[in-house]
Amino acid sequence: GCTGREPTVVGKPSSLLIDCICGILGLEGGVGGAGRKRICMVGDRLDTDVLFGRDNGLKTVLVLSGVTTEEEVQSLENDIVPDFYADSIKDFFME
């Protein structure tokens, strides 16, 4: 680039965001960042949201109300697999 420096990626799936959140909340304690097991990443994209969670030691939930379809999740070509998936974020709440 014009600055002559490599950019620092801060968006998903970069670990910078979760490292900061865990540091602020004191969730880095334990072997291998065990505090991260208390965090669940919820999102609608396999290649950003679920990948971010998986690569950073979080549980993941994919909601199918956005970009990714159930067919994509179940495809044999897909190697980014969420721990759980639901039709919508509304499925998390009782009516």
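Residues numbered from 1 in each chain as written. Predicted model: local features only at pLDDT ≥ 70, side-chain atom pairs only at ≥ 80, totals over all residues. Heavy atoms only, no water.

A. Spotlight on the overall build of the protein. What the protein contains, in helices and strands, is three helices and three strands. Start at the N end of the protein and walk to the C end: the helices and strands fall as α-β-α-β-α-β. Its C-alpha atoms give the protein principal-axis dimensions of about 45 × 35 × 25 Å. Taken over 95 residues, the protein has a buried fraction of 33%. Looking at the protein, you have 9 positive and 16 negative side-chain charges, and the mean spots of the two groups are 9 Å apart. (Helix = DSSP H or I, 4+ residues; strand = E, 2+ residues; numbered from the N terminus. Buried < 20%, exposed > 50% of the residue type's maximum accessible area, 1.4 Å probe, protein only. Lys, Arg positive; Asp, Glu negative; His and termini not counted. Charge placed at Lys NZ, Arg CZ, Asp CG, Glu CD.)

B. View of a negative patch on the surface. Together, E70, E71, E72, D87 and D91 make up a region of like negative charge exposed at the surface. As for its placement among the helices and strands, E72 is situated in helix 3 (residues 70-74). Judged by its relative accessible area of 40%, E72 falls in the partly exposed class. (Patch = residues over 30% accessible without salt bridge, like charges linked within 9 Å, V, L, I, M, F, W, Y side chains within 5 Å. Areas by Shrake-Rupley, 256 points an atom, 1.4 Å probe, with all protein chains shown as cover. Salt bridge = Lys/Arg side-chain N within 4 Å of Asp/Glu carboxyl O.)

C. Structural view of the confidence of the model for the protein. Averaged over the protein, the pLDDT score is 87; the fraction of residues at 70 or greater is 94%. Taking the mean pLDDT of every element in the protein, the minimum, 85, falls on helix 1 (residues 16-25) and the maximum, 97, on strand 2 (residues 59-63). (pLDDT = per-residue confidence, 0-100.)

D. Representation of the pairing of strand 1 (residues 40-43). Residue alternation in strand 1 divides its side chains into a buried set, M41 and G43, and an unburied set, C40 and V42. Relative to strand 2, strand 1 runs parallel, the two being bridged by four bridges. Note on strand 2: the bridge partner recorded for V42 is V61. Once you follow strand 1 into helix 2 (residues 46-55) and on to strand 2, the crossover reads as right-handed. (Pairing = 2+ DSSP bridges. Right-handed = clockwise from strand over helix to strand, strands pointing away.)

E. Region of the structure containing helix 2. Of all 10 residues in helix 2, seven are buried; the element is thus mostly enclosed. Where helix 2 is concerned, the buried positions are L46, T48, D49, V50, L51, F52 and G53. G57 sits one or two residues past helix 2 and shows a positive phi near 75°.

F. Region of the structure containing the environment of F92. Following the sequence through the fold, F92 ends up in the segment after strand 3 (84-86). On the basis of relative accessibility, which here comes to 39%, the residue F92 falls in the partly exposed class. Excluding its chain neighbours within four sequence positions, the residues that come into contact with F92 are V42, V61, V63 and A86. (Contact = heavy atoms within 4.5 Å.)

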